[in-house]
Amino acid sequence: MRYIGLSETFDESQMPHRPRAERDLRRCRAAGSAMDATLVQIATTFDEAAAINDFKMRIERSLRFGPQHAAVRARFRARVVALQDCTLDAALATIECW
């Protein structure tokens, strides 16, 4: 089976790329009426999984920026400075604690 309409085509051994925000939108649309969709959004906003989902979405956004983006470089600049004098083993031990 091949998936059509995506940026790439995938065979059935691969999972199609569907960003988290797109999946959430599809869940809301599947709820039915506008009231049902609103209740689904309210329920998911306040559960514990929403906090985890929010964290994953922030990571997904930062990964889309790429390594040359100013925000990504600023985020990791302090960590690079802290590790520049470390050996590989010492750097690995340090980042395992972060």
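Worth saying up front: this structure is predicted, and the values here are computed from it rather than measured. (Residues numbered from 1 in each chain as written. Predicted model: local features only at pLDDT ≥ 70, side-chain atom pairs only at ≥ 80, totals over all residues. Heavy atoms only, no water.)

Asker: Mind showing me how you'd approach the overall build of the chain here?
Answerer: When helices and strands are tallied, the chain shows five helices and two strands. Split into buried and exposed, the 98 residues of the chain put 10% on the buried side. Residue pairs at least 24 apart in sequence account for 21% of intrachain contacts in the chain once pairs closer than 6 positions are excluded. Working note: accessible area of the chain is about 8,400 Å², and carbon and sulfur atoms make up 59% of it. (Helix = DSSP H or I, 4+ residues; strand = E, 2+ residues; numbered from the N terminus. Buried < 20%, exposed > 50% of the residue type's maximum accessible area, 1.4 Å probe, protein only. Contact = heavy atoms within 4.5 Å. Areas by Shrake-Rupley, 256 points an atom, 1.4 Å probe, with all protein chains shown as cover.)

Asker: Looking at this structure, how should I read helix α4 (residues 70-83)?
Answerer: Residues spaced three or four apart along an α-helix face the same direction, because each turn holds 3.6 residues. Taking 1.5 Å per residue, 14 residues should reach 20 Å; α4 reaches 20 Å between its end C-alpha atoms and fits that length. Helix geometry: α4 is bent most strongly at phenylalanine 76, by close to 40°. (Expected span 1.5 Å × (residues − 1). Bend = angle between axes of the 7 residues up to and from the residue.)

Asker: Got a minute to help me understand the packing of helix α1 (residues 20-30) against helix α3 (residues 48-65) in this structure?
Answerer: Relative placement of two packed helices is described by the angle separating their axes and the distance separating the axes. Interaxial distance between α1 and α3 falls to 10 Å at its minimum, and their mutual angle equals 135°. Classed by the angle they form, the pair α1 and α3 counts as oblique. Mapping the contact onto sequence places Arg20, Ala21 and Asp24 in α1 and Asn53, Lys56, Met57 and Glu60 in α3. A class-by-class count of the residues in the contact of α1 with α3 yields two nonpolar, one polar and four charged. (Axes fitted to C-alpha atoms, helices over the stretch in contact; angles between N-to-C directions. Parallel < 35°, antiparallel > 145°, perpendicular 65-115°, else oblique. Nonpolar A, V, L, I, M, F, W, Y, C, P; charged D, E, K, R; others polar.)

Asker: Hey, could you run me through the confidence of the model for the chain in this one?
Answerer: Reading predicted coordinates in detail is not appropriate for stretches of low pLDDT. Scored by pLDDT, the chain comes out at a mean of 77, with 81% of its residues at no less than 70. Per-residue pLDDT, averaged within each element of the chain, yields its smallest value for strand β1 (residues 2-3) (42) and its largest for helix α5 (residues 88-96) (89). Confidence over residues 1-10 falls short of pLDDT 50; this stretch has 18 contacts with residues more than four positions distant or in other chains. (pLDDT = per-residue confidence, 0-100.)

Asker: What am I meant to see in the pattern of salt bridges here?
Answerer: Side chains carrying opposite charge are able to pair once their charged atoms draw close together. Taken as a whole, this structure holds two salt bridges when the rule is applied. The partner of arginine 58 in a salt bridge is aspartate 54, and the shortest N-O contact between them spans 3.6 Å. Of this pair, arginine 58 and aspartate 54 both sit in helix α3, four residues apart, which is roughly one turn of the helix. Glutamate 60 is paired through a salt bridge with arginine 64; the nearest N and O atoms lie 3.2 Å apart. Separated by four residues within a single helix, glutamate 60 and arginine 64 lie in helix α3, roughly one turn from each other. (Salt bridge = Lys/Arg side-chain N within 4 Å of Asp/Glu carboxyl O.)

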